[in-house]
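Overview (structure and organization)
Listed here are the chains, written in short residue letters.
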Amino acid sequence: MSSAAQTPEQGPLRTQIAHGVRDSLGVGIGIFPLGVALGILVVQAGLPLWVAPALSIVIFAGSVELLLVSMLAAGAPLLTIAVTVFAVNFRHVFYALSFPLSRVRSGLPRAYSVYALIDEAYATYVLMPAKQLTSARILTGQVMMQLYWVVGGLIGLAIARALPAPIEGFEFALAATFTVMTVDAVRSRRQVPSALLAALAVAVAITAFPGNTMLAALVLFAALLAVRYALDARRGRNETGDGQAEGATE
Amino acid sequence: MTWYLIAAIAIGGVITFGLRALPFAMLKPLRKSKFVRSLGEWMPAGILLILAVVVLRDEIVARADQWWMVLTATAVTIAVHLFCGRRVLLSIAAGTATYIALVNLL
């Protein structure tokens, strides 16, 4: 696939692939252990071993895969699984607004790039100057990220099978990942209003909809953002500041 | 069981790909919408926060008598992240190791 994706103005293909591999290393350090955790969880949940690679190849969306392991083990209804996947992965809809897909060759390479558009791929390439981005570079980065997942999962399976007794608590890796990503996301003050609205939404959802907290929180959050948008629009978009959005919290 | 697993994973795959592909197919009208752009800017931080809270709460519900372990491990995760240079892996590893140690040793 990569051989078809050469763009001569960016130097030889080998250099582009090397760039792609290097791009993937940073997030790879985060992806690989989560893959291992996925493999361990699959074994400890009593699911067939093929579930781990199947999740990382068919779905390929880190957080949802970890969530699905416990849902599959509990035999959750297919509709609940569908709604959960839809709700959790809905954020990907917004990645299309800024991901540099136009840099990727159309056809099969572009289809793969869309399929493999995980959070980490988006975060890696969204802010990179377009000049440095080639098809081969992006694709290499994405293929590497998927490899970290799949191989990490297989290693996790092996580790779990070799353990004498189950070790509990690996599932916390998912919570820790979201916690760290949240801390990084609200680093800039502009994101604080959104975080406050989300906190409000999830608090209401936990109290009012304990059965399907995730979906209720996401829907509520979207509704609150719509209100915020309406308020911002009324006050004039030119002077959008932090103070205004805080009014929307109430 | 096997068919249930296959069906569930296939459904998850189709929905995930659909969510990633559909917006690219209708990108032009979306890009023009100020509302959609604002949502794209506002949503990530909030969605991550919701994911974190929901997953942490599930863990607390699952281990009701050990709820303080979840909070301790979360505090360790955040502290390591803020004070040890925001290295994502290090923070996740520290929090997860803390949790595993607490759950298995106490």
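Residues numbered from 1 in each chain as written. Chains lettered and ligands numbered in written order. Predicted model: local features only at pLDDT ≥ 70, side-chain atom pairs only at ≥ 80, totals over all residues. Heavy atoms only, no water.

All names here are of chain A. Tallying each qualifying case throughout the model produces five aromatic pairs over all chains. Ring centres 5.4 Å apart and planes at 45° place the aromatic pair phenylalanine 86 and phenylalanine 90 in the tilted group. Clustering of aromatic rings is evident, with ring pairs tying together Phe60, Tyr112 and Tyr115. (Phe/Tyr/Trp six-rings, centres within 6.5 Å; stacked < 30°, edge-to-face > 60°.)

A few words on the UniProt feature "transmembrane region" (unreviewed entry) in chain A. Residue and element names in this part refer to chain A. Listed under "transmembrane region" (unreviewed entry) in the UniProt record, and renumbered for this structure, are residues 24-43, 76-97, 147-163 and 215-231. End-to-end, the C-alpha atoms of residues 76-97 are 33 Å apart, and along that stretch the chain is 73% helix and 0% strand. This span, residues 147-163, is 94% helix and 0% strand, and a straight line between its end C-alpha atoms measures 24 Å. (UniProt positions renumbered as here; feature names shortened; annotations may be inferred. Helix = DSSP H or I, 4+ residues; strand = E, 2+ residues; numbered from the N terminus.)

As a general rule, the predicted coordinates of low-pLDDT regions are not to be interpreted in detail. All names here are of chain B. In this model, chain B carries an average pLDDT of 88, and 99% of its residues clear a pLDDT of 70 or more. For chain B, the element scoring lowest by mean pLDDT is helix H2 (residues 27-32), at 72; helix H4 (residues 67-83) scores highest, at 95. As scored by the predictor, the complex reaches a pTM of 0.69 and an ipTM of 0.84. (pLDDT = per-residue confidence, 0-100.)

Residue and element names in this part refer to chain A. Orientation of helix H3 (residues 62-73) relative to helix H4 (residues 78-89), taken along the N-to-C sense of each, is 160°, at an axis distance of 10 Å. In terms of orientation, H3 and H4 fall into the roughly antiparallel class. For H3 against H4, the interelement crossing comes out right-handed. Listed contacts from H4 to Ser63, Val64, Leu67, Leu68, Met71 and Leu72 of H3 are Thr80, Ile81, Thr84, Val85, Val88 and Asn89. Of the residues belonging to the contact of H3 with H4, the class tally is eight nonpolar, four polar and no charged. (Axes fitted to C-alpha atoms, helices over the stretch in contact; angles between N-to-C directions. Parallel < 35°, antiparallel > 145°, perpendicular 65-115°, else oblique. Left-handed = near helix turned anticlockwise from the far one by under 90°. Contact = heavy atoms within 4.5 Å. Nonpolar A, V, L, I, M, F, W, Y, C, P; charged D, E, K, R; others polar.)

For an interface, size is often stated in terms of accessible area lost upon the parts coming together. Taken together, the contact pairs 66 residues of chain B with 82 residues of chain A. When the two sides are added together, the surface that chain B and chain A hide from each other amounts to roughly 6700 Å², 78% of it contributed by carbon and sulfur. Inspection of the region where chain B meets chain A yields one salt bridge. Here aspartate 184 of chain A makes a salt bridge to arginine 86 of chain B, at a shortest N to O gap of 2.8 Å. Applying the counting criterion to the chain B and chain A interface returns 12 residue pairs in polar contact (both at pLDDT 80 or more). Broken down by secondary-structure element, the contributors of at least two residues to the side of chain B that touches chain A are helix H1 (2-25), H2, helix H3 (34-62), H4 and helix H5 (88-105) of chain B. (Buried area = accessible area lost by both parts, 1.4 Å probe. Salt bridge = Lys/Arg side-chain N within 4 Å of Asp/Glu carboxyl O. Polar contact = N/O pair within 3.5 Å; in protein donor to acceptor, adjacent residues only side chain to side chain.)

This part covers the nonpolar core. Leu72, Ile81 and Phe221 of chain A are the most contacted members of the largest nonpolar core, which totals 104 residues. It is H3 of chain B that contributes the most residues to this core, 14 residues altogether. Built from parts of two domains, this core gets at least three residues from each of domain 1 (13-165) and domain 2 (188-240) of chain A. When near neighbours in sequence (up to four residues on either side) are disregarded, phenylalanine 221 of chain A contacts Ser194, Leu197, Ala198 and Ala201 of chain A together with Trp42, Met43, Gly46, Ile47 and Ile50 of chain B. Formed by five residues, the second largest nonpolar core is a distinct cluster that contains Val36, Ile40, Ala160 and Phe170 of chain A. (Core = buried A, V, L, I, M, F, W, Y, C linked by side-chain atoms within 4.5 Å. Buried < 20%, exposed > 50% of the residue type's maximum accessible area, 1.4 Å probe, protein only. Domains from an automatic or database assignment.)

On to the side chain of arginine 137 of chain A, then. Residues and elements named next belong to chain A. Here arginine 137 lies in helix H8 (residues 135-162). According to the relative accessible area criterion, arginine 137 is buried, its value standing at 8%. Here glutamine 132 takes part through its backbone oxygen, which lies 3.1 Å from a polar atom of the side chain of arginine 137. Ignoring any residue separated from it by four or fewer positions in sequence, one finds arginine 137 in contact with Gln16, His19, Gly20, Asp23, Tyr125, Met128 and Gln132.

Right, let's talk about the pattern of salt bridges for a bit. Residues and elements named next belong to chain A. As enumerated under the stated definition, the model contains three salt bridges over all chains in all. As a salt-bridge pair, arginine 137 and aspartate 23 come within 2.7 Å of each other at their nearest N and O atoms. Separated by 114 residues along the polypeptide, arginine 137 in helix H8 and aspartate 23 in helix H1 (residues 13-44) bring together distant segments of the chain. Taken as a pair, arginine 137 and aspartate 23 share a single burial class, namely buried.

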